Structure formats: structure tokens, C-alpha cells
Amino acid sequence: MPNLATINGVAEDNIATFNGTTAANVTSICGGATWVHTTYTVATGGDSITTSGDYKIHRFHSSGSFAVSSVGSDASVHFLVVASGAGGGGQIGSGGGAGGLRTSFTTSGGGGSAESTGTLAAGTYNIVLGAGGVGGVNSAAGGDGQSVSSLIGTNISVSTVAGGGGTWNNSTIAGRSGGSGGGGSWGYGPGAGTANQGYAGGIGIGSSPYPTGGGGGSAAVGSAGNLSGAGTGSTHGGQGGAGITSTISGASLNWAGGGGGSAFTSSVRCGHGGVGGGGGSGNPPSATSGQPGSGGLNAGTAGTTGQGGNGGANTGSGGGGGGTYVTGDGGNGGSGCVIVRYQYQ
């Protein structure tokens, strides 16, 4: 507060107008010092509204509206927009790719730089979010994420691409491209990621134990299948690519991890989901299933015999590949999320 705390005995902050001018816009001068009364943005909307210091954070888990009734002295706004993740492939399937991620708060997905900070205006901003892709059933590829995610209104237009689905064991279909790409299978390539949104899936290998690739994540390429099961994670099936770390929500969370890839024979170790909520891969009988990726808003699920784990809800993560040769089903991808953050006090 300035030294001049009252006007005619009334607290300055409580005066609506001064000589016909809104008091918030009046410059106060006291003892030669100038002080401009600061105003703050007022907005509504979202499935969760929290604060972190002087900032308010609106998190959207489904389509809706972000309604700005008044814009403060600082009209800047940070955002994170992540699309829905894809389903893992069926029968010894590869991991589903994560949804594309764009943000002004940290680096964006796929190695992209941070987006420019947005400038708010009074009015309504439309939020679009879709469900995650459905995992492949038996001999079928996993479905792509079901929708782009977007934040669109005055001065701001940000859209991201849904994740690409995983493929399955002896398919001649490559992993699908998307925000991040689905993993490859027995010698058939992975899907590509989208520039500045996500990475490609990992490659599969066409010799025993026929390990498939992990789905791409927002922060890293999905791991390739591994014949020996040595190396990162000590698994045969490829690990899902990691998701980007961000503190835009006030907590350190990972977003948009890829799903883990499976492998064919007993005693193999199947791929884990990528950090950020990727689903773990399902396993053949007597083999070890993949674990879900940690660190996301919501956890993914581990794979089980035959069944790939699901990507975490509202993380944009991919589902894990299916396990058994005859009846394996891929896990579903996680739905997307939009976050906006602005100064409120």
C-alpha cells in the first residue's frame, strides 16, 4: 500500500470511483512517489480451480469454456494443452503414442521451444478435449486418440494432435503417426510424432522374442524392442517414451507418456509405461507384465496377462500393448487436459 491509504477517511481500495473515474485506474501521488492501483483478472470455468502463490490455475478435464469477466493490469496467461493418448495394439502389441503437448510454461513436446505467453481479453475461450483411443482387440491396431485438444479465443489459438495407435505382432501395419507416434511391431516401423508436440514410437524387432516398440512420449522417443532384455528398465518390450515435466499446476507433474510394448515368448519382461501416466504392457503367460509410468496427474495401470494397461486419465498418455498371442488386448489411451494460469492477486 502507498503512504496515502485513505481518501476522505475511506480506505482507497474500497472507493469505487474518484471524480467519476474508476478508483482502480487512479494514480495516487504521496510525498513525491507515484503509485498505480493494480487490478487483477477475474475468470471462471474448469473442472478444478486452485492457487499457487499469486496465481490461479484452471484445469479442464473435459470440453468447456474459460470465461474472462475482467482483465487485470497483467493480462498475460500461461497454458498447457495436451491431446488424448492412443490405444496400444492387440496381441503382443506395441505401445500407444501420447497426445501432442504445447505449453508456454516449459519446453513443448517433441523438443519444441516454449510457446509465447498468451494475452487475455474479456470474453469466452473455448476448450475442446477428447477421450483416449481404444486399445486394439486381438489382431487389431490400437485406436488413435479421439480428438485434438484446443484452447481458442481472442489472441490465443492453440491446438494439439491426438496420439497415434500401436500395432500388433505379425501385422504388416506400422505404428500410427500422431502427436506422438505408436510403437512398431515385428519389423514394421513406428509412427512419427508431430513437430513441437511429441516424439516417434520405438521400433519392433522381427526375431524371437519379437519385442514391440514403446509408444512415443512428449519428452522422448519410445524405446525399441530389446532381444536380450538388458539396458534401461531391463525389459524386452520397449519402454514408453517419457512425458514432459511441468510445474504449471503448482506441483511438479509429468504429462503425456507413451505406452509400453509387449513381447512374444514366456519369461520375457514387457515394457513399462512412460513417465507421466503411460500404460504398462500386457504379457504372455508366465511372462512379466509392464508397470505404469509414474509422476502424472493420474496414474496409468499395469499390464496383466493378455491385457495392456490404460494410460492415466487426463494425462494424454498412451495405452500399453496387449499380451497373449491369441486373445491379447491393448490398453486404452488417457484423455487430454488443458490448463490456464494467470495472476489473480
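The structure presented is a predicted model; accordingly, all values stated were derived computationally and were not measured.

S.K.: What exactly am I supposed to notice about the pairing of strand 16 (residues 156-160) here?
M.R.: In the case of a regular strand, side chains alternate between the two sheet surfaces. The alternating pattern of strand 16 places I156, V158 and T160 on a buried face and S157 and S159 on a face that is not buried. Pairing analysis gives five bridges linking strand 15 (residues 149-153) to strand 16, with the strands arranged antiparallel. Directly across from G153, in strand 16, lies its bridge partner I156.

S.K.: Is there a simple way to explain the nonpolar core in this structure?
M.R.: Side chains of nonpolar character tend, in soluble globular proteins, to be buried together. With 18 residues, the main nonpolar core has F66, L120, Y125 and L151 as its most contacted residues. Not counting residues within four places of it along the chain, the set of residues in contact with L151 comprises F79, V81, Y125, N126, I127, I156, S157, V158, V338 and V340. Counting 13 residues, the second-largest nonpolar core is a separate cluster that includes L80, A98, I244 and I248.

S.K.: I keep staring at the confidence of the model for the protein and nothing clicks. Help me out?
M.R.: A low pLDDT score tells you not to read the predicted coordinates there in detail. Mean pLDDT over the protein stands at 89; residues scoring 70 or higher make up 89%. For residues 17-22, every residue scores under 50 in pLDDT, and the model assigns this stretch eight contacts once sequence neighbours within four places are set aside.

S.K.: I'm lost on the environment of N314 in this one. Help?
M.R.: Mapped onto the secondary structure, N314 falls in the loop between strand 18 (253-255) and strand 19 (337-343). For the pair N314 and G85, spaced 229 residues apart in sequence, the C-alpha to C-alpha distance is 9.2 Å. Not counting residues up to four positions away in its chain, the partners in contact with N314 are H61, W255, L297, N298, S335, G336 and C337.

S.K.: Where do I start with the pattern of salt bridges in this structure?
M.R.: Opposite charge on two side chains lets them pair, provided their charged atoms get close. Applying the stated criterion to the full structure yields two salt bridges. Ionic pairing is found between R176 and D144, a salt bridge with its closest N-O pair at 2.8 Å. A residue pair is termed long-range when its members are at least 10 positions apart, and R176 in the loop between strand 16 and strand 17 (244-246) and D144 in the loop between strand 14 (123-128) and strand 15 qualify at 32 residues. Note on R176: relative accessible area 41%, which makes it partly exposed.

S.K.: Is there a simple way to explain the packing of aromatic side chains in this structure?
M.R.: Both the distance between ring centres and the angle between the ring planes are used here to describe each pair of aromatic rings. All chains considered together, the criterion is met by five aromatic pairs. Ring centres 6.0 Å apart and planes at 50° place the aromatic pair F66 and Y342 in the tilted group. With F66 in strand 10 (residues 64-70) and Y342 in strand 19, this pair connects stretches of sequence that are 276 residues apart. Y342 matches F66 in its accessibility class, with the two residues each being buried. Joined through ring pairs, the aromatic side chains of F66, Y125 and Y342 make up one cluster.

S.K.: In this structure, what is going on with the side chain of T103? I would like to understand it.
M.R.: Considering the arrangement of structural elements, one finds T103 in strand 12 (residues 101-103). Residue class for T103 comes out buried when judged on its relative accessible area of 0%. If we skip the residues at most four places from it in the chain, T103 touches F79, L80, S108, A114 and E115.

S.K.: Can you walk me through the sheet that holds strand 16 in this structure?
M.R.: Strand-to-strand pairing in sheets goes through backbone hydrogen bonds, with the strands running parallel or antiparallel. Strand order across the open sheet formed by five strands is 7-10-14-15-16, with antiparallel pairing between neighbours. Whereas interior strands pair on both sides, the edge strands pair on one side only; in this sheet they are strand 7 (42-44) and strand 16. In this sheet, adjacent strand axes meet at a mean angle of 15° when their direction is disregarded. Of the pairings in the sheet, the one linking strand 7 to strand 10 comprises three bridges and is antiparallel in character.

S.K.: Honestly, the pairing of strand 10 in this entry has me stumped. Any pointers?
M.R.: With five bridges joining them, strand 10 and strand 14 adopt antiparallel strand pairing. The residue of strand 14 that forms the bridge with F66 is Y125.

S.K.: Would you take a moment to explain unusual backbone geometry for this structure?
M.R.: Most peptide bonds take the trans configuration, and most residues that are not glycine carry a negative phi. For the bond from S208 to P209, the omega torsion is 10°, close enough to zero to count as cis. Among the secondary structure elements, P209 is positioned in the loop between strand 16 and strand 17. Of note, the phi angle at I92 is positive, near 50°, even though the residue is not glycine. Tracing the backbone through its elements, the reader meets I92 in the loop between strand 11 (76-82) and strand 12. Given a relative accessible area of 0%, I92 falls into the buried group. The phi angle at Y210 is positive, at roughly 50°, despite the residue not being glycine. If you trace the backbone, Y210 turns up in the loop between strand 16 and strand 17.

Parameters at a glance
Residues numbered from 1 in each chain as written. Predicted model: local features only at pLDDT ≥ 70, side-chain atom pairs only at ≥ 80, totals over all residues. Heavy atoms only, no water. Buried < 20%, exposed > 50% of the residue type's maximum accessible area, 1.4 Å probe, protein only. Helix = DSSP H or I, 4+ residues; strand = E, 2+ residues; numbered from the N terminus. Pairing = 2+ DSSP bridges. Core = buried A, V, L, I, M, F, W, Y, C linked by side-chain atoms within 4.5 Å. Contact = heavy atoms within 4.5 Å. pLDDT = per-residue confidence, 0-100. Salt bridge = Lys/Arg side-chain N within 4 Å of Asp/Glu carboxyl O. Phe/Tyr/Trp six-rings, centres within 6.5 Å; stacked < 30°, edge-to-face > 60°. Axes fitted to C-alpha atoms, helices over the stretch in contact; angles between N-to-C directions.

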